[in-house]
Amino acid sequence: MRTAAEVSEVSLVGATREQMCEQAARRTGLDDFGDSDFHAGLDLLLADLKEAGLSAQGMVAARENVLGHLAGRLRSVEGFKQHPEAMKRPIVRPLIVCGIVRSGTTALHKLLSMDPQFQGVERWLCSAPQPRPPRAEWAANPDFQQAKASLDAMLAQAPEMLEDHGMAVDTVEESLDLLAQSFRSNMFCSQFVIPNYDRWYRAQDDTPSYLRLADNLRLVGAHDPHRTWLLKNPTDTFSLQEVLNVFPDAMIVQTHRDPLQAIPSVVNLIGSAHRIFRGEQADIQGVFAREEEFWQQAMSRADAVKDAHPGRVLDVQFNDFVKDQIGFVRKIYDQFGLVLSEEAETAMLGWLAANPRRSSTMQRFTPEDYGHSSDALKERYSTYRARYGY
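Read on for an overview of the structure. Bear in mind the structure is a predicted one, so any value in this text is a computation, not a measurement.

Quick look at the overall build of the chain now. Tallying secondary structure elements over the chain gives 20 helices and five strands in all. On C-alpha atoms alone, the chain measures out to a radius of gyration of 20 Å, which is about the 21 Å that the 2.2 N^0.38 rule sets for 390 residues. Considering only C-alpha atoms, the chain reaches an extent of 55 × 50 × 40 Å along its principal axes. Residues counted as buried form 55% of the 390 residues belonging to the chain.

In structure tokens form, the structure reads like this:
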């Protein structure tokens, strides 16, 4: 529990990049942030956060968010230096799941992670990158304990995040946290109302962020370099060309869901973060407007990349996943020449039994629930909906 003096130190008012980096260095005992490619994004993020309408509690949470990514960056750079042999290893044919949020990416990622031929980055290792220790040692690891305490605190404020996103400290997590070390990330745009940063982010080449992600994978997998990497990040849809720039032989699966169902569900999920950071001032209608526009742009960009590189991405439908999860998995394995062992299938069936779908309905929310129009959403996504048969 933080003291009053410690809480007073975490205000974002007047905070500069230098001050934030200094505090992250004090917390970790490290001072090498690597190259300066993160400076522009961090500077702009800090400037926008001062005008983001954060509550007093949200100001503290936002500062901890930023400090967490800076601390993770420090840990990564230290790890890169300590394990130079691992940094030379190639990342071969990673299996990458992307697609609009709420189209089954999380469930598919968790399901595939039951196959021992794959390795992913567990949530606690996203915040404290290091060579993955044996699982039996995790509970005693201070980094694991701290990550668990942080997650427990967040879920106490927004328990729906566990229901909607399946968050757990010891299971695979999406790549977003590691990508955020470069402070060039849609994570910040989704969590906060930061229009200047948002415009800047969308104009960036994300290739350096994915190069850093690849280095973090080498670090985390330093003791297990031969297993195939399993990754998941919905925002890879926006940055699909950069993904291919860094992982040219990647096996990419893009999940699809009718935006009339997906976008309201996205807003319901992201609204939880806005309520944490803005309290009663959270503007959920504004969240809807931003997310519907962003994901239309993301999927248009992805389609352009796929048209330029035909056959590089397997397009699959959320409806098909709901109907037959194991059949869905077999389709992916067949597409990429992977072998689904009896051991892996048994583990997957066990995961499905332990994590049944909570609803047989395809839609819990509508645009009208957030002050928007289904007809307007249909018009915005008319090209995408026609292309994928909605």
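From this point, things continue past the structure.
Along the polypeptide, His 109 turns up in helix 5 (residues 105-112). Among the residues examined, His 109 registers a relative accessible area of 2% and is labelled buried. The spatial distance from the C-alpha of His 109 to the C-alpha of Gln 157 is 25 Å, given a sequence separation of 48 residues.

Take the pattern of salt bridges next. What the rule picks out here adds up to 28 salt bridges. Glu 293 is paired through a salt bridge with Arg 202; the nearest N and O atoms lie 2.4 Å apart. Linking Glu 293 in helix 15 (residues 284-308) with Arg 202 in helix 11 (residues 195-202), this pair joins segments that are 91 residues apart in sequence. Of the residues examined, Glu 293 reaches a relative accessible area of 29% and is grouped as partly exposed. Of the charged contacts in the structure, one is a salt bridge between Arg 290 and Glu 291, with a shortest N-O distance of 3.0 Å. Here the two residues Arg 290 and Glu 291 agree in accessibility, since each one is buried. One network of salt bridges, in which partners are shared, links Asp 35, Asp 37, Arg 73, Arg 184 and Asp 206.

Even without being glycine, Arg 93 reaches a positive phi, approximately 45°. Relative to the helices and strands, Arg 93 resides in the loop between helix 4 (56-82) and strand 1 (95-99). Arg 93 sits in the partly exposed class, given a relative accessible area of 34%.

Analysis parameters
- Residues numbered from 1 in each chain as written.
- Predicted model: local features only at pLDDT ≥ 70, side-chain atom pairs only at ≥ 80, totals over all residues.
- Heavy atoms only, no water.
- Helix = DSSP H or I, 4+ residues; strand = E, 2+ residues; numbered from the N terminus.
- Rg over C-alpha atoms; globule rule 2.2 N^0.38 Å.
- Buried < 20%, exposed > 50% of the residue type's maximum accessible area, 1.4 Å probe, protein only.
- Salt bridge = Lys/Arg side-chain N within 4 Å of Asp/Glu carboxyl O.

Don't take any of this as a statement about function, it's just geometry.
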